[in-house]
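So you can see what is in the structure, the chains are spelled out below.
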Amino acid sequence: MGLYSLGVRIDPGANLVGLREAFEIRTGERKASLLELTYINGAAATPGLTFGRSAIVGTGGTQFTFTPDDPTEPPATTFAFAGTWSRVPTDTGIHMRRYLYASGNQGGAVMWTWRGGLIIPPYSSVVIWNNISTDPAVADVSLVIEE
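The rules behind the values
Residues numbered from 1 in each chain as written. Predicted model: local features only at pLDDT ≥ 70, side-chain atom pairs only at ≥ 80, totals over all residues. Heavy atoms only, no water. Salt bridge = Lys/Arg side-chain N within 4 Å of Asp/Glu carboxyl O. Buried < 20%, exposed > 50% of the residue type's maximum accessible area, 1.4 Å probe, protein only. Helix = DSSP H or I, 4+ residues; strand = E, 2+ residues; numbered from the N terminus. Polar contact = N/O pair within 3.5 Å; in protein donor to acceptor, adjacent residues only side chain to side chain. Pairing = 2+ DSSP bridges. Axes fitted to C-alpha atoms, helices over the stretch in contact; angles between N-to-C directions. Core = buried A, V, L, I, M, F, W, Y, C linked by side-chain atoms within 4.5 Å. Contact = heavy atoms within 4.5 Å.

## What about the pattern of salt bridges?
- Scanning the model with the defined rule gives 3 salt bridges in all.
- Two residues, Glu24 and Arg26, come together in a salt bridge whose shortest N-O distance is 2.7 Å. When sorted by exposure, Glu24 lands in the same class as Arg26, which is buried.
- Arg30 is the partner of Glu147 in a salt bridge, and the nearest nitrogen-oxygen pair spans 2.4 Å. Of this pair, Glu147 sits in the segment after β11 (139-146) while Arg30 sits in the loop between β2 (22-26) and β3 (32-41), placing them 117 residues apart in sequence.
- Note on Arg30: relative accessible area 28%, which makes it partly exposed.

## Regarding the side chain of Glu147
- In this structure Glu147 comes out as buried when scored by relative accessible area, which is 7%.
- A distance of 2.4 Å separates polar atoms of two side chains, one belonging to Glu147 and the other to Arg30.
- Among the polar contacts listed, one links the side chain of Glu147 to the backbone nitrogen of Thr77, at a separation of 2.9 Å.

## Some details on the sheet that holds strand β8 (residues 97-100)
- What the 6 strands build is an open sheet, ordered β5-β7-β2-β10-β4-β8; its pairing is antiparallel. The two strands at the open ends of the sheet, each matched to only one other strand, are β5 (59-65) and β8. Averaged over neighbouring strand pairs, the angle between their axes works out to 25 degrees when direction is ignored.
- As judged from the 3 bridges shared by β2 and strand β7 (residues 79-87), these two strands associate in the antiparallel manner. Note on β7: the bridge partner recorded for Arg26 is Phe79.

## Some points on the sheet that holds β3
- One open sheet accounts for 5 strands, arranged β6-β1-β11-β3-β9; its pairing is antiparallel. Each edge of the open sheet is held by one strand with a lone partner, namely β6 (67-68) and β9 (109-120).
- One ladder, built from 8 bridges, connects strand β1 (residues 3-10) with β11; its direction is antiparallel. Bridge pairing in β11 links Tyr4 to Ile145.

## Some remarks on the nonpolar core
- Grouped together as the largest cluster of nonpolar side chains are 29 residues, with contacts concentrated most on Phe23, Leu34, Leu37 and Leu143.
- Breaking this core down by element, the ones donating at least two residues are β1, β2, β3, β4 (48-53), β7, β9, β10 (125-130) and β11.
- The element best represented in this core is β9, accounting for 5 residues.
- Sequence-distant contacts of Phe23, defined by excluding residues within four places in its chain, comprise Val8, Ile10, Phe64, Ala80, Phe81, Ala82, Val126, Val127, Ile128, Val141 and Leu143.
- In terms of nonpolar packing, the next biggest core, distinct from the first, is built from 5 residues, Ala22, Phe81, Val127 and Trp129 among them.

Written as structure tokens, this is what we have:
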């Protein structure tokens, strides 16, 4: 199994879907293990983040590609998505992580890690949602997965 990384700047507030902006990690034919997720406020904003599995996987969105840490590994079948959605991933209401940027400082960060890896089965997804009606502004998101 290979390790794959992704670092991307997103603007979740640019494409509001019922004030539930989303950043989705969607698997393909292989399961993935999420090892690390970092979310950094790129501007002064106070998003309230929730993280969990989606009830219904999203469709559409801007696709971001994971890069293998070892260039001899095959391409990842897991991708991240944000932006304009055809169908936004559905929140189950059951969350594994939550974080509120109460100070609203630019550069404030949260890093979540999963010691044994959070398993994302094939053709499913996990998602970060903004659970309050504040525009979260731009953010830098970094991820490490194993596939």
